[in-house]
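Chain by chain, the residues:
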Amino acid sequence: MIELNNVWKSYGDTQVLEGLNNTVSEGEFVTMVGSSGCGKSTFLKMLLGTEKPTRGQLLLDGKTIPDEPGPDRGIVFQQYSVFPHMSVLDNVIAACAMSRPGITGLLFGAAKRDARKKALELLERVGLQHTLDKYPHMLSGGMKQRLAIAQALINRPRILLLDEPFGALDPGIRADVHKLVLQLWRENALTVFMVTHDLQEGFYLGTRLWVFDKVRQDPHAPGRYGASITYDLPVGKTDGDLYRKIESDIAEEAIRLDAVDMFPTEISDLKKPGTKSKKQELINE
Ligand SMILES: Nc1ncnc2c1ncn2[C@@H]1O[C@H](COP(=O)(O)OP(=O)(O)OP(=O)(O)O)[C@@H](O)[C@H]1O
């Protein structure tokens, strides 16, 4: 489905990503970790179509990903990306309208009724059916992210891109949204790419975990080399030693970048990989 053929990305003199080669099949849930600034969001933007590789090919079903976002790809960001001046229901209807051709994006007649019906169904699915007339500032963080998820899914994308969507949520709320995302992933046969700073979350949600890191370093010119995918792990088959090594590699890189506070989690707090029982429980519900 998605193919990365020697993908490189730079901004001016800064090499962000280099030599990415991989394939992802329909229905996979790829989680991506790596130190701050190593290019994870840039990679998501290339999948979305708002950035292009500098070199190499990024293909969807054998064709270059178009230069602009399309209804086949939905995205949710960490910062709530909902329209503050619109009600919950109108936020989702607007996301539907924006995918339509034409400069106005306005919906009329049957198209408007259809969008409203789809939005109502989806809002019920994400548990926001009681907040249709509320405005985003009246919602909690978890509710806003549920709204952003509904917006991302209204056009029935095949690919869902999640850029640290749960980073700002409290643990309890985060667990609820995890459950929802796993259910939506399964129900809609989505292919998911999710950036996270939380290795534990990456192992918990993904079927596959990518670690982005720099293989080459030039201490005098930090932008000289880009990051590549240094680990591509089938989740559940990773032993504890490898897990701890990845965690310490990322933490070392974060220290190097003076950003150690990005990884506050203690090793002892982390759930060991290879135990997917909780996720399996959710999926089987
Ligand atoms: N539009 C842009 N123009 C120039 N440089 C950019 C642009 N977008 C990103 N960068 C640079 O590319 C590098 C990678 O940024 P990116 O946001 O992809 O990293 P990240 O791994 O997602 O970081 P974080 O985990 O902190 O969100 C950074 O050095 C950033 O400053």
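Structure: see above.
Residues numbered from 1 in each chain as written. Predicted model: local features only at pLDDT ≥ 70, side-chain atom pairs only at ≥ 80, totals over all residues. Heavy atoms only, no water.

**A word on the overall build of the protein chain**
For the protein chain, the helix and strand inventory stands at eight helices and ten strands. The buried share of the protein chain, reckoned over its 285 residues, is 49%. With an accessible surface of roughly 13900 Å², the protein chain has 52% of that area assigned to carbon and sulfur atoms. (Helix = DSSP H or I, 4+ residues; strand = E, 2+ residues; numbered from the N terminus. Buried < 20%, exposed > 50% of the residue type's maximum accessible area, 1.4 Å probe, protein only. Areas by Shrake-Rupley, 256 points an atom, 1.4 Å probe, with all protein chains shown as cover.)

**Quick word on the site of the ligand**
Residues in contact with the ligand, as listed here, are Tyr-11, Val-16, Ser-35, Ser-36, Gly-37, Cys-38, Gly-39, Lys-40, Ser-41, Thr-42, Glu-164 and His-197. Take Ser-36: an N or O atom from its side chain is 2.6 Å from an oxygen atom of the ligand. Between an oxygen atom of the ligand and a side-chain N or O atom of Lys-40, the distance comes to 2.8 Å. Coverage of the ligand by the protein chains reaches 61% of its 630 Å² of free accessible surface. In terms of residues, the shell around the ligand owes the most to one element, helix H1 (residues 40–48), which gives three residues. Of the residues belonging to the shell around the ligand, the class tally is three nonpolar, seven polar and two charged. (Near = heavy atom within 4 Å. Polar contact = N/O pair within 3.5 Å; in protein donor to acceptor, adjacent residues only side chain to side chain. Nonpolar A, V, L, I, M, F, W, Y, C, P; charged D, E, K, R; others polar.)

**Some details on the side chain of Arg-174**
Structurally, Arg-174 can be placed in helix H5 (residues 171–187). Sequence-distant contacts of Arg-174, defined by excluding residues within four places in its chain, comprise Phe-166, Gly-167, Leu-169, Asp-198 and Glu-201. (Contact = heavy atoms within 4.5 Å.)

**With respect to the pattern of salt bridges**
Counted according to the given criterion, the structure contains 13 salt bridges. A salt bridge links Lys-9 to Glu-51, with the shortest nitrogen-to-oxygen separation between them at 3.1 Å. One end of the pair, Lys-9, is in strand S1 (residues 2–11); the other, Glu-51, is in the loop between H1 and strand S4 (55–60), and 42 residues separate them in sequence. Of the residues examined, Lys-9 reaches a relative accessible area of 7% and is grouped as buried. The closest approach of N and O atoms between Asp-72 and Arg-73, which form a salt bridge, is 3.0 Å. Classification of Asp-72 by relative accessible area gives partly exposed; the value is 24%. Arg-73 sits in the buried class, given a relative accessible area of 6%. A single salt-bridge network, built from bridges that share partners, covers Glu-26, Asp-61 and Arg-158. (Salt bridge = Lys/Arg side-chain N within 4 Å of Asp/Glu carboxyl O.)

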